[in-house]
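The primary structure of each chain is shown beneath.
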Amino acid sequence: MLDNNQLLRFTTAGSVDDGKSTLIGRLLYDSKSIFEDQLAAIEKTSKKKGHDGVDLALFTDGLRDEREQGITIDVAYRYFTTPKRKFIIADTPGHIQYTRNMVTGASTANAAIILVDARHGVIEQTKRHSFIASLLQIPHIIVCINKMDLVDFSEAAYNEVIEQFEEFSSKLLVKDVRFIPLSALNGDNVVNRSDNMEWYQGAPLLHTLETLHISSDINKIDARFPVQTVLRPQSESHRDYRGYAGRIASGVLRVGDEVTAMPSGFTSSIKSIHSFTTDLKEAYAPMSVSITLNDDIDISRGDMIVRTNNQPEASQDLEVMLCWLNNDEAKPRAKYLIRHTSNEEKAMIKEVVYKIDIETLDRNFEDKSLKMNDICRVKIRTTKPLMVDSYRDNRSTGSIILVDDMTNETVAAGMIV
Amino acid sequence: MSKYYLNYLDELESEAIYVLREVAAQFQNPVILFSGGKDSIVVTHLAKKAFYPAKIPFPLMHVDTGHNFPETIAFRDNIINELGAQLIVGSVQDSIDNGRVAEERGKNATRNALQITTLLDAIEENSIDCAIGGGRRDEEKARAKERFFSHRDDFGQWDPKNQRPELWNLFNGKHFEGEHFRAFPISNWTEMDVWNYINRENISIPSLYFAHEREVVWRQNSWIPNSEFLKLDEDEEVVLKKVRFRTLGDITITGGIESDADTVEKIALEVSGMRQTERGNRSDDKRSESAMEDRKRQGYF
Ligand SMILES: Nc1nc2c(ncn2[C@@H]2O[C@H](COP(=O)(O)OP(=O)(O)O)[C@@H](O)[C@H]2O)c(=O)[nH]1
């Protein structure tokens, strides 16, 4: 693999039987990412279940069995590599837990694959998946129109899906949408270009994934450095060393930059940036580095170092799109722990403004309950100010989770409006 | 103009360092589970980077089956020395002697399952609230669903059906007294990534990973090393072969493969053309389809 190869994370969404498992299996198989012992296991099971040939869908097997048993399903991660990129698939199957799973998988994704069955076109689920992808601000959406073999590889069928999709997606905030006609079962336009659809001028799916331009998806403008931990070696060789360790959430920091530590507001300038023993002139998201400053100011975990002329908002009142992830319903005005970057404070959900009807995408101003898989706009009040950006500008400093301190469970995930 | 993006290895490294620093910040008493295998060596290397110029702020813990490759122990002691770190050893032999567990019997007896008790006892005795492991999601299907921060109840058990959702990079390590966490900084790495990283960073690894002449026995489709612990069947024959190991575990069940790869580069090349998963050579995973999931539920690594 080449040194400048990037990592691309994507999710896959589709309703049951659209061919998601087959598509993932096909991607892995045609890119030669399935090992012999895994293939042998699949062949064995295929025979046992009476299929002719290998059922590629069985590769995503563990979760499939769970689905058949109707058990709560979880996100599973899968990996493959081509000579151009490394890929991480967040495979988010499931029906009942759908929202919760897809939100989880989408939170770190660069791209979303949304499957549509060519025979059925855009259905409610397609809209739901696209809405979640846009809510989580996945930068690239690839609509895969599958089972083209069952509609005679018809260009008209393909165009109709595009039309249906564009009709409703105009209301969503998605920057980059592409459409690929394919047959996961036979491999048309998955890894190899299809001979059955000469009319399609675009690239097959894998080539699209390999060439999506992702380096500009991370915010490179607003420098944000949440401090994870303070390094104080107190050793002979580093007696006075005081380094701030963290992962740059967004933007670029350079030695010499005038910076402010938030929330204290103390200012200083960057003395050094290093990654292990290497001194750097500049560092950018998502690098993990350590930073030293020219002044001795009091900074600890949860604080944020930012450029003095570009600061996030320090706020105790947040407007958040909240996705409820827990079986227990939210209690009115209940208190939670809120985690934002490396910071943690107490918080209260003051008001549910509206709930999104996930079927119609309408706003419901009557139903103010927060139940598992609900997505609501809420007002949250925190005990101390958080240094926030809007999620639209910054996926790192615009996201929060809520933790119930009675159960310690993660009960909700939110995107700051 | 410099490029403002990371390549895949830098991004994986940055993610792992982030996870390690979160562990240091969110837990009182973490340890690195150090087996002497390449994955735990890589995790230890990442920890060295994460906290430099300070020392790694937690001890290394080795669950010693007593069925070791001698090379592994020498390597372990060497690393401990070099890092100036503290070593905690949980001994399976002690667990057997104390009657906590009973040795398996028969030809394919291993101490693999016994490790669970030793590990959980050591976690409890040392009041450890987070054990950092080198587990990777690509190893096995039960691991594909693992979190970076994985909750264990007060019996040390994993409940795959009831895990905390993990979004963005916001990890929740909150737990009650007696519970603990497992943290997996290299969750997103594949075997290939590990080798490429070892190569790039010039990390030293036990000689067992390199092709060498060794006495071995053909059993369950791989070359099991001859050792004082191995019980031979009548029809089994000890032969001398040039082998190397893809994973290092209990010497009685870790199978080698025939290979000429004697440098990290050659290994990386060999692995990239490999047609079998690395666990294909571990007889403990061959016992049943869900062998790993069952062990993990009980508290395995
Ligand atoms: N004809 C045809 N059948 C397909 C195609 N992709 C998947 N299928 C079939 O559709 C059914 C459901 O596929 P599966 O991958 O299990 O769907 P999932 O529920 O979305 O994971 C299976 O019988 C597949 O063989 C395709 O491109 N063409």
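Predicted model only: the values in this text are computed from it and were never measured. (Residues numbered from 1 in each chain as written. Chains lettered and ligands numbered in written order. Predicted model: local features only at pLDDT ≥ 70, side-chain atom pairs only at ≥ 80, totals over all residues. Heavy atoms only, no water.)

Caption draft 1: Spotlight on the overall build of chain B. The secondary structure content of chain B amounts to eight helices and ten strands. Counting the 301 residues in chain B, one finds 63% classified as buried. With an accessible surface of roughly 11,800 Å², chain B has 45% of that area assigned to carbon and sulfur atoms. (Helix = DSSP H or I, 4+ residues; strand = E, 2+ residues; numbered from the N terminus. Buried < 20%, exposed > 50% of the residue type's maximum accessible area, 1.4 Å probe, protein only. Areas by Shrake-Rupley, 256 points an atom, 1.4 Å probe, with all protein chains shown as cover.)

Caption draft 2: Region of interest: the site of the ligand. Residues and elements named next belong to chain A. The environment of the ligand is formed by 18 residues, the closest being D17, K20, S21, T22 and D149. D18 places a polar main-chain atom, nitrogen or oxygen, 3.3 Å from an oxygen atom of the ligand. Within the residue set of the shell around the ligand, elements represented by two or more residues are α1 (20–30) and α3 (61–68). Top contributing element to the shell around the ligand by residue count: α1, with three residues. Its residues placed into classes, the shell around the ligand shows five nonpolar, six polar and seven charged. (Near = heavy atom within 4 Å. Polar contact = N/O pair within 3.5 Å; in protein donor to acceptor, adjacent residues only side chain to side chain. Nonpolar A, V, L, I, M, F, W, Y, C, P; charged D, E, K, R; others polar.)

Caption draft 3: Main features of the pattern of salt bridges. Scanning the model with the defined rule gives 45 salt bridges over all chains in all. Where K355 of chain A meets D374 of chain A, a salt bridge forms, and the shortest distance between an N and an O atom there is 2.7 Å. With K355 of chain A in strand β19 (residues 343–356) and D374 of chain A in the loop between β20 (363–364) and β21 (375–388), this pair connects stretches of sequence that are 19 residues apart. Within the structure, one salt-bridge network assembled from shared partners comprises R301, R339 and E344 of chain A together with E22 and K174 of chain B. (Salt bridge = Lys/Arg side-chain N within 4 Å of Asp/Glu carboxyl O.)

Caption draft 4: Empty space enclosed by the protein, seen in detail. Counted under the stated rule, the structure contains five cavities of 30 Å³ or more. A volume near 50 Å³ is recorded for the second largest cavity. Every residue lining the second largest cavity is listed: T410 of chain A together with F149, R164, P165, E166, L170, F171, N172 and F181 of chain B. Classifying every residue of the lining of the second largest cavity gives five nonpolar, two polar and two charged. (1 Å grid on protein atoms, 1.4 Å probe; cavity = no way out; pocket = protein on both sides within 12 Å on 5 of 7 lines; lining within 4 Å. Points joined across faces, edges and corners; volume = space filled by probe spheres on them.)

Caption draft 5: How the structure looks around the packing of helix α1 (residues 8–26) of chain B against helix α2 (residues 38–51) of chain B. All names here are of chain B. At their nearest, the axes of α1 and α2 sit 9 Å apart, and the two run at 75° to each other. For the element pair α1 / α2, the angle class is roughly perpendicular. Touching E13, A16, I17, L20, R21 and A24 of α1 are V43, L46, A47, K49, A50 and F51, all from α2. The residue inventory of the contact of α1 with α2, partitioned by class, reads nine nonpolar, no polar and three charged. (Axes fitted to C-alpha atoms, helices over the stretch in contact; angles between N-to-C directions. Parallel < 35°, antiparallel > 145°, perpendicular 65-115°, else oblique. Contact = heavy atoms within 4.5 Å.)

Caption draft 6: Fine view of helix α3 (residues 70–83) of chain B. Residue and element names in this part refer to chain B. With 14 residues, α3 should cover 20 Å at 1.5 Å per step; its first-to-last C-alpha distance of 21 Å lies within 8% of that length. Taken together, the buried positions of α3 are occupied by T72, I73, F75, R76, I79, I80 and L83. For α3, the angular spread of buried residues about the axis comes to 165°, placing them on one side. When the buried face of α3 is taken as reference, the exposed residues oriented beyond 90 degrees from it are P70, N81 and E82. In this fold, the buried residues of α3 make contact with α2, β2 (60–64) and β3 (87–91). (Expected span 1.5 Å × (residues − 1). Arc of directions from axis to C-beta.)

Caption draft 7: Representation of the interface of chain B and chain A in the model. At the junction of the two partners, chain B supplies 56 residues and chain A supplies 77 residues. Together chain B and chain A conceal approximately 6,000 Å² of surface at their shared face, both sides included; 55% is due to carbon and sulfur atoms. At the boundary of chain B with chain A, the tally comes to six salt bridges. Between R339 of chain A and E22 of chain B there is a salt bridge; the shortest N-O distance is 3.6 Å. Inspection of the region where chain B meets chain A yields 29 residue pairs in polar contact (both at pLDDT 80 or more). Secondary structure elements with two or more residues in the side of chain B that touches chain A: α1 and α2 of chain B. Considering every element that reaches the side of chain B that touches chain A, the biggest residue donor is α1 of chain B, with eleven residues. When grouped by side-chain class, the residues that make up the side of chain B that touches chain A number 23 nonpolar, 14 polar and 19 charged. (Buried area = accessible area lost by both parts, 1.4 Å probe.)

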